[in-house]
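# Close look at the chain arrangement
Residue-level listing of the chains:
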Amino acid sequence: MEIISQSREFSTIEAYQLLRNPETQKMSNNKDIPFEVDCWCIFNDVKKTTGEVQEILSIKTKGGEVFATNSKTFMDEFLIIWNLFSEKNENVPPIKVISGTSKNGRNFITCTVAV
């Protein structure tokens, strides 16, 4: 696994939780539930079934839960939110997972600030 981007340096236990934790929850299973981000990383993972490399965003909440997704739409919006608040030296507010339907009829997830 190759870490591409991360919010900060991680302890060994945090790295395990973000990269290998079997209790990691699918982001799409946590719609409309606000959570505060403790730390996050984007990493490359290899699908065991196909050998395909995919980018994964893994987020550890301040409550200790870990959520992950390979949704590019979610990752893009999350990074916009993170960078907007970080550049202004403000705490990132709680976020929540929301879903939508594309023009082609495909369901997708993204995120928004939960205020």
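Keep in mind that this is a model prediction, so the values were computed, not measured.

Attention now moves to the pairing of strand β3 (residues 37–46). The element β3 is largely enclosed, with a buried count of 7 among its 10 residues. Note: strand β1 (residues 2–6) against β3, 4 bridges, orientation antiparallel. What sits directly across from I3, in β3, is F43. As paired strands, β3 and strand β4 (residues 53–61) are joined by 9 bridges and run antiparallel to one another.

On to unusual backbone geometry. Of note in the backbone geometry, D32 takes a positive phi value of approximately 65° without being a glycine. Residue placement: D32 occurs in the loop between β2 (25–26) and β3. With a relative accessible area of 53%, D32 lands in the exposed category. At N89, a position not held by glycine, the phi torsion is positive, near 55°.

Let us look at helix α1 (residues 12–19). Helical periodicity: at 3.6 residues per turn, an α-helix aligns residues three or four positions apart in one direction. Turning to α1, its buried residues number three or more, namely E14, Q17 and L18. Viewed along the axis of α1, the buried residues span an arc of 95°, placing them on a single side of the element.

This part takes up the side chain of T61. Mapped onto the secondary structure, T61 falls in strand β4. Relative accessible area serves as the criterion here: at 4%, T61 is assigned to the buried category. Those residues in contact with T61 that sit more than four places away from it in its chain are F35, E36, D38 and F67.

Each pocket or cavity is described by its volume, and for the largest pocket that value is around 620 Å³. What lines the largest pocket is a set of 26 residues, and nearest its centre among them are T24, D45, Q54, I56 and A68. Its residues assigned to classes, the lining of the largest pocket shows 10 nonpolar, 10 polar and 6 charged.

Cut-offs used in this document
- Residues numbered from 1 in each chain as written.
- Predicted model: local features only at pLDDT ≥ 70, side-chain atom pairs only at ≥ 80, totals over all residues.
- Heavy atoms only, no water.
- Buried < 20%, exposed > 50% of the residue type's maximum accessible area, 1.4 Å probe, protein only.
- Helix = DSSP H or I, 4+ residues; strand = E, 2+ residues; numbered from the N terminus.
- Pairing = 2+ DSSP bridges.
- Arc of directions from axis to C-beta.
- Contact = heavy atoms within 4.5 Å.
- 1 Å grid on protein atoms, 1.4 Å probe; cavity = no way out; pocket = protein on both sides within 12 Å on 5 of 7 lines; lining within 4 Å.
- Points joined across faces, edges and corners; volume = space filled by probe spheres on them.
- Nonpolar A, V, L, I, M, F, W, Y, C, P; charged D, E, K, R; others polar.

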